[in-house]
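Spelled out from the first residue to the last, the chains are:
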Amino acid sequence: MRKKLKFKKLLSEYRSLRFELEFVEDVLSEYHHIFERTYRRYCAENDIDLQALHEQNQEKVQKLFSNKPVPKEEPAENKAREVRHKSLYRDLARKLHPDLLQEGDPKYDEYEQAFKDAAAAFDNGAWGDLFDLAERFDVNARNFGPLCDSLKEEIEKISAKIDGEKKTFSWALYECEETEDCTERVIKNFLFAVFKYNA
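These figures come from a predicted structure and were not determined experimentally.

If you look at the biggest cluster of nonpolar residues, it comprises 34 residues, and the most contacted ones within it are Phe7, Leu92, Leu130 and Phe131. Of all the elements in the fold, those that place two or more residues in this core are helix H1 (2-45), helix H4 (75-96), helix H5 (108-124), helix H6 (127-136) and helix H7 (144-165). It is H7 that contributes the most residues to this core, 7 residues altogether. Excluding its chain neighbours within four sequence positions, the residues that come into contact with Phe7 are Phe131, Glu135, Phe144, Leu147, Cys148 and Leu151.

A few words now on a positive patch on the surface. A cluster of like positive charges, contributed by Lys3, Lys6, Lys9 and Lys152, occupies part of the molecular surface. Considering every element that reaches the positive patch, the biggest residue donor is H1, with 3 residues. Within the secondary structure, Lys6 sits in helix H1.

Within H6, 7 of the 10 residues are buried, leaving the element largely enclosed by the surrounding structure. Taken as a whole, H6 has its buried residues at Trp127, Gly128, Leu130, Phe131, Asp132, Leu133 and Ala134. Remark: Asp138 follows H6 within two positions and exhibits a positive phi of approximately 55°.

Let us look at the state of the cysteines. As enumerated under the stated definition, the model contains 1 disulfide in all. Across the disulfide from Cys176 sits Cys182; the S-S distance is 2.0 Å. Judged by the torsion about the S-S bond (-70°), the Cys176/Cys182 disulfide is left-handed. Classification of Cys176 as buried rests on a relative accessible area of 3%.

This paragraph deals with the environment of Thr168. Tracing the sequence through the fold places Thr168 in the loop between H7 and helix H8 (169-175). For the pair formed by Thr168 and Glu82, sequence separation is 86 residues and the distance between their alpha carbons is 34 Å. There is a polar contact of 3.2 Å between the side chain of Thr168 and the backbone nitrogen of Trp171.

As a further point, take the packing of H1 against H6. Direction vectors running N to C along H1 and H6 enclose 115°, while the axes themselves pass 10 Å from each other. Both H1 and H6 take part in a crossing whose hand is left-handed. Contacts between H1 and H6 involve Phe7, Lys8, Leu11, Tyr14, Arg15 and Arg18 from the former and Gly128, Asp129, Phe131, Asp132 and Glu135 from the latter. Of the residues assigned to the contact of H1 with H6, the class counts are 4 nonpolar, 1 polar and 6 charged.

Moving on: the packing of aromatic side chains. Two measures describe an aromatic ring pair: the distance that separates the ring centres and the angle between the ring planes. Taken as a whole and assessed by the stated rule, the structure comprises 15 aromatic pairs. Ring plane angle 90° and centroid distance 6.3 Å describe the contact between Phe190 and Phe195, whose orientation is recorded as edge-to-face. Comparing Phe190 with Phe195 shows no difference in burial state: the two are buried. Of the aromatic side chains, those joined through ring pairs into one cluster are Phe35, Tyr39, Phe169, Phe190 and Phe195. Sitting over the ring of Phe192, Lys196 keeps its end group 5.3 Å from the ring centre.

A few words on the side chain of Asp91. Topologically, Asp91 is positioned in helix H4. Side-chain polar atoms of Asp91 contact the side chain of Arg94, separated by 2.6 Å. With residues near it in sequence (within four places) discarded, Asp91 still touches Val139 and Arg142.

The rules behind the values
- Residues numbered from 1 in each chain as written.
- Predicted model: local features only at pLDDT ≥ 70, side-chain atom pairs only at ≥ 80, totals over all residues.
- Heavy atoms only, no water.
- Core = buried A, V, L, I, M, F, W, Y, C linked by side-chain atoms within 4.5 Å.
- Buried < 20%, exposed > 50% of the residue type's maximum accessible area, 1.4 Å probe, protein only.
- Helix = DSSP H or I, 4+ residues; strand = E, 2+ residues; numbered from the N terminus.
- Contact = heavy atoms within 4.5 Å.
- Patch = residues over 30% accessible without salt bridge, like charges linked within 9 Å, V, L, I, M, F, W, Y side chains within 5 Å.
- Areas by Shrake-Rupley, 256 points an atom, 1.4 Å probe, with all protein chains shown as cover.
- Salt bridge = Lys/Arg side-chain N within 4 Å of Asp/Glu carboxyl O.
- Lys, Arg positive; Asp, Glu negative; His and termini not counted.
- Charge placed at Lys NZ, Arg CZ, Asp CG, Glu CD.
- Disulfide = S-S within 2.5 Å.
- Polar contact = N/O pair within 3.5 Å; in protein donor to acceptor, adjacent residues only side chain to side chain.
- Axes fitted to C-alpha atoms, helices over the stretch in contact; angles between N-to-C directions.
- Left-handed = near helix turned anticlockwise from the far one by under 90°.
- Nonpolar A, V, L, I, M, F, W, Y, C, P; charged D, E, K, R; others polar.
- Phe/Tyr/Trp six-rings, centres within 6.5 Å; stacked < 30°, edge-to-face > 60°.
- Lys NZ or Arg CZ within 6 Å of the ring centre and 35° of its normal.

In short, shape yes, function no, at least from these values alone.
Structure, rendered in structure tokens:
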């Protein structure tokens, strides 16, 4: 009983963090563009030769703005988790399989989508998403220990990702809430951090 309660608590924390990550990513998808426009405008208004700065710091700029690959989980680690969570996935897939529903059943579309989501979660090792679906559709786990371990790892990964996203200059600009002094400070910090330029 204690492990089940711990699982529910961890799942609730996972859901909350997933929601926060989605929010942060939505904000940043807009604010990366806003930041780019803001800092270019600031440079133009203050006679800062941005092209010269880019040329002088070309290697650093390329490193900073290149898309760094996300480290993938070791195949052996992921395989071990697949084995631990396969029975839960099978139970969930059996319950959600759209072929088990009568034709015209109003739950057909919901179950079909959930079935696809469960398969994607299992294939991608997105264990929190798989457990979330199991909970939503009342599929009981047989052993909560391994589920709790996997959830803790997922929570650590998402927390680290949120922390990383919130350290960006785009996020700092979002937090300025359009106040002029704060916006200028963020742009100056960016210019110094990237180009060692004191504006």
